Amino acid sequence: ISMADESKEFHGLVLQLINPEQRETALLELSKKRESFPDLAPVLWHSYGTIAALLQEIISIYPMLSPPTLSPHASNRVCNALALLQCVASHPETKAKLMNAQIPLYLYPFLNTVSRHRPFEYLRLTSLGVIGALVKVDDTEIVNFLLQTEIIPLCLRIMETGSELSKTVATFIVQKILLDDAGLTYICATAERFYALSFVLSSMVTKLLEAPSVRLLKHIVRCYLRLSEHQRAREALRQCLPDALKDQTFAAAIQSEDAVQRWLTLLLKNLNDPAAPAATGTVAPTASAASAAGGAARTAAVNLPTIPSGSSGAFGYASVPLASANWN
Ligand code: TRP
């Protein structure tokens, strides 16, 4: 069939979304074919009633979240709606609109579920996919939105308890947030926040010894490397980086992963280097970003007591009251 016919078919399917009778089939067809219609996102966003219909799909399963009664069928149906939202979240023309309309917040109740059953696991994974699409391309406004709406604790819990794939996407989201200066500052603003992340990262490393996953390890290492660029975090990591990352435990697993090897080497170098390390971003930091980071590091150095280098315990600061004042 011709491109014009195909485009007509797509527009027809989009229009069917506002008809409750036709919606389920339209959701399925559109989510299956979404890759072959590059303008699907703006069409979804600008066509009458469509986004409201997707939101209605989402809200309609809230009553099944607690107590957990979501059926596989209902989960599939809402995941098809989420797949369309993922298109909107990926598209450069619509992602800011999605964020400004606060629509990602409607997915947080899904991320907040804990049931291990397939319909819930699939729902969490698909919801993470939407957030993952939002953070894929660096965008400080998206990062600020996600920080303000407290996505981090939701990601941390999935990193602790989710399936390997959910853990990977949740860790990817945290990685992308950390790579933004606002994200690193947020996580390192209090000891509680830093240790919440560091505890989850290290427990994931422990679990990787039993159930290896290179793609998950990759994001974990990248998170640690980024943390090691923050002075206070670097000092804490000297005490609480898992041994498995310091010795050759994962050498065989990452032997064909040049990037991970480089990140791990750089991480260990940052921890061993008493001086502040160079930033490791893919682009050179701008003068203002560099001076802001330097300024923050200097302020911290002035305000904080130095932690004795031989301080005991895996968590160097654990004996110090976990107050922000001690951390900052
Ligand atoms: N309101 C909490 C805070 O700002 C949110 C939070 C809970 C959190 N657990 C976290 C933030 C772990 C970062 C890391 O601290």
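Looking at an unreviewed UniProt entry, one finds the protein chain named Cell differentiation protein rcd1 and attributed to Spumella elongata. For the record of the protein chain, the UniProt heading Sequence similarities (unreviewed entry) holds the text "Belongs to the CNOT9 family."

A word on the layout of surface pockets. There is about 260 Å³ of room inside the second largest pocket. Lining the second largest pocket are Q86, S90, L125, G129, G132, A133, K136, T168, V169, F172 and H219. Among the secondary structure elements, those contributing two or more residues to the lining of the second largest pocket are α5 (72-90), α8 (118-136) and α11 (164-179). Per element, the largest residue contribution to the lining of the second largest pocket is 5 residues, and it comes from α8. Along the lines of polarity and charge, the residues of the lining of the second largest pocket split into 4 nonpolar, 6 polar and 1 charged. A domain split of the lining of the second largest pocket shows at least three residues from each of domain 1 (1-137) and domain 2 (141-303).

Attention now moves to helix α13 (residues 191-210). The terminal C-alpha atoms of α13 lie 29 Å apart, and with 20 residues this matches the ideal 28 Å at 1.5 Å per residue to within 8%. Every buried residue of α13 is accounted for by A191, F194, Y195, L197, S198, V200, L201, S202, S203, M204, V205 and L208.

So, about the site of the ligand. What surrounds the ligand is the set E150, I152, P153, L156, Y186, R193 and A196. Contacts to the ligand include E150, whose side-chain N or O atom sits 2.8 Å from a nitrogen atom. At a separation of 2.6 Å, an oxygen atom of the ligand approaches a polar side-chain atom of R193. Isolated, the ligand exposes 360 Å² of accessible area, and the fraction of that covered by the protein chains is 67%. Contributing elements (two or more residues each) for the shell around the ligand: α10 (151-161) and α13. Top element by residues in the shell around the ligand is α10. It accounts for 3 residues.

Contact pair α5 / α8: the axes reach a minimum separation of 8 Å and the direction vectors enclose 5°. Relative to α8, α5 is oriented roughly parallel. Residues P72, S75, N76, V78, C79, L82, A83, L85, Q86, A89 and S90 of α5 form the contact with α8, whose participating residues are P119, Y122, L123, T126, S127, G129, V130, A133 and L134.

Okay, the nonpolar core next. If you look at the biggest cluster of nonpolar residues, it comprises 99 residues, and the most contacted ones within it are M159 and L227. Ranked by residue count, the leading element in this core is α5, at 10 residues. No fewer than three residues from each of domain 1 (1-137) and domain 2 (141-303) sit in this core. Apart from the residues within four sequence positions on either side, L227 is in contact with L178, L184, I187, C188, F194, L197, L201, A233, R234 and L237.

Once that is clear, we can look at the side chain of T50. Summarising the element assignment, T50 is placed in helix α4 (residues 50-60). Of the residues examined, T50 reaches a relative accessible area of 1% and is grouped as buried. Those residues in contact with T50 that lie beyond four places of it in its chain are V14, L17, I18 and L44.

Helix α2 (residues 20-33) packs onto helix α1 (residues 3-16) with a crossing angle of 140° between their chain directions and a minimal axis gap of 8 Å. Overall, the two elements α1 and α2 adopt an arrangement that is oblique. Between α1 and α2 lies a crossing whose hand is left-handed. In this structure, α1 contributes E9, F10, L13, V14 and Q16 to the contact, and α2 contributes Q22, R23, A26, E29, L30 and K33. Taken together, the residues of the contact of α1 with α2 break down into 5 nonpolar, 2 polar and 4 charged.

About the thresholds
Residues numbered from 1 in each chain as written. Predicted model: local features only at pLDDT ≥ 70, side-chain atom pairs only at ≥ 80, totals over all residues. Heavy atoms only, no water. UniProt positions renumbered as here; feature names shortened; annotations may be inferred. 1 Å grid on protein atoms, 1.4 Å probe; cavity = no way out; pocket = protein on both sides within 12 Å on 5 of 7 lines; lining within 4 Å. Points joined across faces, edges and corners; volume = space filled by probe spheres on them. Helix = DSSP H or I, 4+ residues; strand = E, 2+ residues; numbered from the N terminus. Nonpolar A, V, L, I, M, F, W, Y, C, P; charged D, E, K, R; others polar. Domains from an automatic or database assignment. Expected span 1.5 Å × (residues − 1). Buried < 20%, exposed > 50% of the residue type's maximum accessible area, 1.4 Å probe, protein only. Near = heavy atom within 4 Å. Polar contact = N/O pair within 3.5 Å; in protein donor to acceptor, adjacent residues only side chain to side chain. Areas by Shrake-Rupley, 256 points an atom, 1.4 Å probe, with all protein chains shown as cover. Axes fitted to C-alpha atoms, helices over the stretch in contact; angles between N-to-C directions. Parallel < 35°, antiparallel > 145°, perpendicular 65-115°, else oblique. Contact = heavy atoms within 4.5 Å. Core = buried A, V, L, I, M, F, W, Y, C linked by side-chain atoms within 4.5 Å. Left-handed = near helix turned anticlockwise from the far one by under 90°.

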